[in-house]
Structures are given as structure tokens and as C-alpha cells.
Protein chains: 2
Amino acid sequence: MQLGRSTAGFAALMFAAAAWAQVAPQPPAPAGRGGGRGPQVVSPAVGEDRRVTFRILAPHAESVRLSAGDIPGNGQGAPLTKGENGVWEVVMGPIDPGAYRYNFNVDGVSTIDPRNPSISESNTNVWSLVYVPGADFMDTKEVPHGAVAAVTYWSTSLKRFRRMHIYTPPGYELGKEKLPVFYLLHGAGDCDEAWTSVGRAGFILDNLIAAKKAKPMIVVMPAGHTSTAGFGGGRGPGGQDEFVNDFVTDIMPYAESHYRVIADRAHRAIAGLSMGGSQTLNIAIPHLAKFAYVGVYSSGLIGAFGGGRGGTAAPAPQGPTWEEQHKAELDNAAAKKGLKLLWFSTGVDDRLITTTRATVDMLKKHGFDPVFKESPGAHTWINWRNYLNEFAPQLFQ
Amino acid sequence: MQLGRSTAGFAALMFAAAAWAQVAPQPPAPAGRGGGRGPQVVSPAVGEDRRVTFRILAPHAESVRLSAGDIPGNGQGAPLTKGENGVWEVVMGPIDPGAYRYNFNVDGVSTIDPRNPSISESNTNVWSLVYVPGADFMDTKEVPHGAVAAVTYWSTSLKRFRRMHIYTPPGYELGKEKLPVFYLLHGAGDCDEAWTSVGRAGFILDNLIAAKKAKPMIVVMPAGHTSTAGFGGGRGPGGQDEFVNDFVTDIMPYAESHYRVIADRAHRAIAGLSMGGSQTLNIAIPHLAKFAYVGVYSSGLIGAFGGGRGGTAAPAPQGPTWEEQHKAELDNAAAKKGLKLLWFSTGVDDRLITTTRATVDMLKKHGFDPVFKESPGAHTWINWRNYLNEFAPQLFQ
């Protein structure tokens, strides 16, 4: 439907803009927001040459650094330079197109960019987010867009409310058809929102679906951490992994009872990055009959081969090895039959490359036929977005 | 569906937790996150007595204040006290149950709480968010929950991509029925995400629907700012308000063509807070035949009566008044017939109370029959959540 345009009447409202600050907003604007409270700071500023200028107003600071591990050359945290107006600045790049998390470290205090409303969430902190356009597969383009919903569910296994993000493809909210479902797990530095913000998952799927490279699918992105302790699932009674329990007891049942999904093996995929790749294997191998497509990004069975330290020496795990614990499942020929894709990719500069290789070799030993692509790059979101863009088109074909 | 539980195999993975930090996450953890980098900081800590302790590690700071305008008694920004370990702390409250935005101001730099992953977005900045439980109507309860989706759409009037948030009630993703639609607008200190985070709109609707106090409905929460300049819609060619154009040309058509809505007047409502209340009137009055329910929270025609400054003297608006500009629409008796509710509420301590009163009086003069409830309190989210909880049950009955 269309409404006629309203051409009159906002003059008075707009007129009051200056007055507005006196009655709203509550709470007061933060320092650094400008508006007569110091210089107007623009940050981040993305140039057409893909150089990005980061700025922060910190007149009393002694040292400001940029925390942005994915930005090439910023491993150590580039120092910002203070201007006479108290605004610190650093120019990075040219930076390859993509989404980059960053924060400022001001005299030892980590702060997001006070001038940038775009953020990416993690398990115990929040990052500012800058997007450098120019990557055809993940740019926001004039194609039909899906929706990414934040969903609150009660975890019966964890006895508390949890959140997941669920991507629905263009047209789902109006449609009636059932779709395949893809469970996509995040890494240790992330939360259930990360694949949506820094991961660009929704836009990557929108573009793939518009180009008919990928089938329309529901993408379920759960929260892989069960505590703020920092590494995935803690262990519940009986030593069970809390996230695996949450996934099999609550997340899958919730998604498949609240969305129009084709709930069979041929229409169910699972993948994860880093920590989520290990979780993927710990969910999929014991329940192989449930999944036709399995993806492991920049990961493997972390720790299972003493590779958790990236190939440096690590003490042998206590008790039986992962392989010994899963021998029956690994050698179940019947369950392997319906497995259409077991896909690994890790960067050659990623310290988990040895873990990936060891995991792939072990699986081959047990009769699996994994695809393993060693890519350029390291343990960064740059690779994980590429892997999703390469993996999703192989699903449900 | 249920999967069998995975009882084995995470030992090795969990074993590697310590090793993990060496290979992931990228980017590095921010300062203040603990993990051997200074004291473990817990913030915010909500006590059972509803006292909230805010903490931040800032060993080199000279001054730290709490920016949290909605927290009673924090109007000026409570100072934090530095401990010997470099951790600054302040205890506030007891605080009434609810969601509260806050940031720290560290030596003049506004920073979110580095230890709190919960945030609330605004137009030009981001806030940390703390929830103090105990309010039955907005707590996260064991009731069926809807989903809140971030939706990207192309604004033909603004010629760029825009985002809105859309609440779908429990069962929508699986259902077939058409539902009424409620357009809910934010204030000048917010963005399209604010009603979801600090506004608790999804949880308020979940609870109302579970208690059968409100009808299941779609709630569309668009972005009311069209620039970072700070106040709502800028003015496009011909002086048209950009947000009103975006709303009538793109937002309503998008929502009503992508979701199962009953697209008639009797099943369409609109409301907004503060700036969004003025926008509501500037959309609804010229298009009254499209809306059966109209709500104005803590607002009115801001500036139209020189009341934009909260009752202090303001120069008269140039040109014809809002009333003069809208005389034909205000006196259209036929259009009034299908208007089932015109509802205003503003706090007696809100500086916009005079604007609300003047707007209500003007509308009565033209034959409208508005409901106007003067509530306790001021221009804060405390009132806006209450107003939504009071307004939504009156819709579509």
C-alpha cells in the first residue's frame, strides 16, 4: 500500500531541534559526541581508497592504541597520534573489503568507538564494527533481504534463558514452504550475534540466494558459550558438555518446532568456526545419522592431538583419546552413507592448521572422505566469511 | 525432535581451554577482561537488594563517572571511587526493576562497560545495559517468546539501505494467520533497536500475549533518524520530512508486503515516544483514515506551541502554525469516525508536559476525543515501558 506524502507540518517540529537537547534525550549524550562539547569527531571514516581513519576525543589521555586484530598490520595495536584539539587519530590501510571489529585502548581501558553506533557482540565484551565495502559476496546489495531474529528460549538443560540468532531467507515470513536448516556455530571470541555482525552471514546468504548459488535455508546461530569463563561449554553433571546438551536437548528441538524446516538428515547441516568447529564434530560425529553436511572452519578436534597449542608440545590428554572414545561412531559404516559433505578449511598461517590436518587424517583412517582445503590467511573472520561463502552453496543441492 | 546426549569426548576439548587463549580468539581480549591481565572485574553486579555495583579497571584514570540518566539520583553522573587494584567502583540503588542504559566517563572519554556484553544502541552511540529483575510485566519469563528480527530494506525515498526491527509474536514463524500491525517509534536518543533493548518491547508483548491481555500482533520498530545530525527526519526536496516519507513510502509498504498482516485501518496502530510521538502525529493526522489507534508517549507537537523548550519561552515558529497547516485534516469528521483510540501519556515531571497539554487541547478543539493520562515521573524509559504496557492491551480489541 502507499500513503500520500505529508508535505506540511514538520517545520515546527524541525524548528525545535535546537531546543530539543534541553528536554531530551535522556540519558545525556556522551562526551565525544560533539554537539558543542568539544570538536565534532567523525570515526571511523572509510575512504574511497579503503584507508580507514579512526578517531577518538581523549584530551587527557597519555596513550591510545587501536585494538583490531583482523586488520592487517595491527597485530600489536597501532598507536593513535594526539592532535591539538585532543582528538587522537590513526589511518590504517588500504584495508581489504570486509567487516572489522576494533576497540580503542585508552590508557589501559578498552573502549568502543564513542562515535560509532555499529557494534559486534562477544561473550564477555563488545567491539565497534567498521565495514569496508567492495566485496561483492558480502556487501549489502539491492537484492531481496532476509531477516535475522534474536530468539529467547528456555534451556531445560542449563535451567536458564538463552539467546540464539536465526536467519530466515527472503519471503519466509510470508511463505508456507518448509526449508532446510543449517546450524552455524561461532568461535571462542564470539557470541550468537557474531556471525550476523562481523560474520555478515545474513548478507552472504542473501547474495548467494539471489544469485541462485545457494538454496533458501534457515540458518540457526546459537550461543556456544555456557558461561563467561571463556571456552564453550562448561561440564555439567556426569562430565557432559553443557553446550552439546543445550544443542541436542533445546536448540535443535526449538528451531525445528518453531520454524518451517524439513526435519530430516538430507536437509540438515552443521558447521562452526574454531571452537565451534570442535563443537560441530562433537555434535555431528555422535549423531551422524542426523546430519548430511558437516563443516569445520579453522579448526578440528582442538586438544585431542596435543595440537591445541598450535603444534607446540602439549601434555597428552588424560584418559582415553577422543578417537578411542568415539571408535564405535567413527567406524559406523551405515551412518557414513548419508553423509554428503564433510568439509574442512583452515588457513596455512593458522596455528590450528596442525590440528586440522591431524583431525582430517584421523577421520580418513576411519573411512571418512573429508574435503580439506588449506586456504591463505590465519585465524580471522576474513577467512570465516570466505568459508561460509564457499560452504553454503554446497548444501542441500 | 530429541537427540541422544553426547556424554563423551569433550574432555580433550575442555582440556585445551588453557591452551586456547594462545591460538584464539582473534582479536585479542580487551584490557579489563581479566584472564591474568589485572584483577577479574565483575560489572555490573546486581544484588538481591537491587543495589547495582558498577566497576571498571582504569588504573591510570584521574576521574571516572557513571553516565546513566534514568537511574534515580544519577542526574549529574555519580563519581566512582578508585580502589588500590586500579578498579573504580560505585554502588547505586536500590534501583527499581527495569532496564537501564549506562556508560562510564573516564577522564572525559565515554566508554561502555568493558565487562558487560549487554548493550543498547542509539543513533550515534552505544550504551551498556543492565537489567534489574523484579518487574512482572517486563521480566523474561517462562512464557512463549516471540522473535525480534533486524530487517534491512532499501529506502527508495532516502536512496540508501535502512534497518528496522520487527517483533513477531510466539508461533508466527510456523503459523498461517494474518495479524494486526503496530508501528512503534523511538525517541531522539534512540535508534530502531532501542525499543527492543532498553524498551523491552518484545518481552512486554510476550507477557501481555501470554496473559491474554493483548492480542497477538506484529510490532514494526523503524529508525526515526535519517541522519546523525540528531533530530529525526531531515528535510528533503520540497521541505518534506525525510522520515515521514520513508515511513509512508517504504516502511509501511515493506512491512505490509513481507509479513502476514491484516492491512486495514481497524488492524493498524501507531505510537511513538518523545520525538517519535511528534512523528506519530505527523504521520497519523494527515493519514488518519489509515490508523485506528494512535499513541503519543511523553510528547505532543514539539515546537508547535513554543513548548519545545519545556514551557520556557520560545520564538514563534515561522510561517503558518501546525494547526493552520493541518486544518482540513483536523476538521475531517469522516476520518475521525474510525479512530478507536487517541491516547496520550506524559509524566508530570516531564518538561514536555506543557507541550502534551497544548496538543491535547488543540485536538479537542477540533473535535477529537483524546485520552490523556498524566503519569508520575519524567522523560525516561521507565515511563515509556509502562506506557507500552498500558497501551498495547487496548489495541485491536
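Residues numbered from 1 in each chain as written. Chains lettered and ligands numbered in written order. Predicted model: local features only at pLDDT ≥ 70, side-chain atom pairs only at ≥ 80, totals over all residues. Heavy atoms only, no water.

Structural notes on the overall build of chain A
Consideration 1: Secondary structure summary: chain A contains 10 helices and 17 strands in total.
Consideration 2: Counting only contacts in chain A whose residues sit at least 6 apart along the sequence, the fraction spanning at least 24 positions is 72%.
Consideration 3: In the structure as shown, chain A presents an accessible area of about 13900 Å², 53% of it carried by carbon and sulfur atoms. (Helix = DSSP H or I, 4+ residues; strand = E, 2+ residues; numbered from the N terminus. Contact = heavy atoms within 4.5 Å. Areas by Shrake-Rupley, 256 points an atom, 1.4 Å probe, with all protein chains shown as cover.)

Comments concerning the packing of aromatic side chains
A ring pair, where both rings are aromatic, is described by two values, the distance of the centres and the angle of the planes.
Consideration 1: Scanning the entire structure with this criterion turns up 34 aromatic pairs over all chains.
Consideration 2: An angle of 75° between the planes, with centres 5.8 Å apart, marks the rings of Y102(A) and F104(A) as edge-to-face. For the pair shown, Y102(A) and F104(A) are each scored as buried.
Consideration 3: Measuring from centroid to centroid gives 5.8 Å for Y297(B) and F391(B), while their planes differ by 75°, and the two rings are edge-to-face. With Y297(B) in strand β15 (residues 293-297) and F391(B) in helix α10 (residues 381-391), this residue pair connects regions lying 94 residues apart in the sequence.
Consideration 4: Residue F391(B) is classed as buried on the basis of its relative accessible area of 0%.
Consideration 5: For R200(B), the ring lying beneath its charged end belongs to Y131(B), and the centroid distance is 4.0 Å.
Consideration 6: Its end group placed over the ring of Y172(B), R260(B) keeps NZ or CZ at 3.9 Å from the ring centre. (Phe/Tyr/Trp six-rings, centres within 6.5 Å; stacked < 30°, edge-to-face > 60°. Buried < 20%, exposed > 50% of the residue type's maximum accessible area, 1.4 Å probe, protein only. Lys NZ or Arg CZ within 6 Å of the ring centre and 35° of its normal.)

Re the sheet that holds strand β4 (residues 81-82) of chain B
Consideration 1: Here we have four strands laid out as an open sheet, ordered β1-β2-β5-β4 (chain B), and antiparallel in their pairing. For this open sheet the edge positions go to β1 (45-46) and β4 of chain B, each flanked by a neighbour on one side alone. (Pairing = 2+ DSSP bridges.)

Focus on the side chain of D70(B)
All names here are of chain B.
Consideration 1: Structurally, D70 can be placed in the loop between β3 (64-67) and β4.
Consideration 2: Although D70 is buried, it makes no salt bridge; R385 carries the closest opposite charge, 5.5 Å away.
Consideration 3: A distance of 3.1 Å separates the side chain of D70 from the backbone nitrogen of W381, its partner in a polar contact. (Lys, Arg positive; Asp, Glu negative; His and termini not counted. Salt bridge = Lys/Arg side-chain N within 4 Å of Asp/Glu carboxyl O. Polar contact = N/O pair within 3.5 Å; in protein donor to acceptor, adjacent residues only side chain to side chain.)

Digging into the sheet that holds strand β5 (residues 87-92) of chain A
Consideration 1: Taken in spatial order, the four strands make up an open sheet running β1-β2-β5-β4 (chain A), and their pairing is antiparallel. Two strands close off the open sheet at either side, each with one partner strand: β1 (45-46) and β4 (81-82) of chain A.

Observations regarding the domain arrangement of chain A
Residues and elements named next belong to chain A.
Consideration 1: For chain A, the domain assignment lists domain 1 (7-132) and domain 2 (147-394).
Consideration 2: Taken residue by residue, the interface counts 13 residues in domain 1 and 17 residues in domain 2.
Consideration 3: The contact between domain 1 and domain 2 buries some 1200 Å² in all, and 48% of this surface belongs to carbon and sulfur atoms.
Consideration 4: Contact with domain 2 buries surface across domain 1, with D70, E121 and N123 losing the most and accounting together for 43% of the total.
Consideration 5: Across the contact surface, domain 1 and domain 2 share two salt bridges.
Consideration 6: Two residues, D190 and R101, come together in a salt bridge whose shortest N-O distance is 2.8 Å. (Domains from an automatic or database assignment. Buried area = accessible area lost by both parts, 1.4 Å probe.)

Things to note about the state of the cysteines
Consideration 1: Enumeration according to the criterion identifies zero disulfides over all chains in this entry.
Consideration 2: Among the cysteines around C191(A), which has no disulfide bond, C191(B) carries the closest sulfur, lying 17 Å off.
Consideration 3: In this structure C191(B) comes out as buried when scored by relative accessible area, which is 8%. (Disulfide = S-S within 2.5 Å.)

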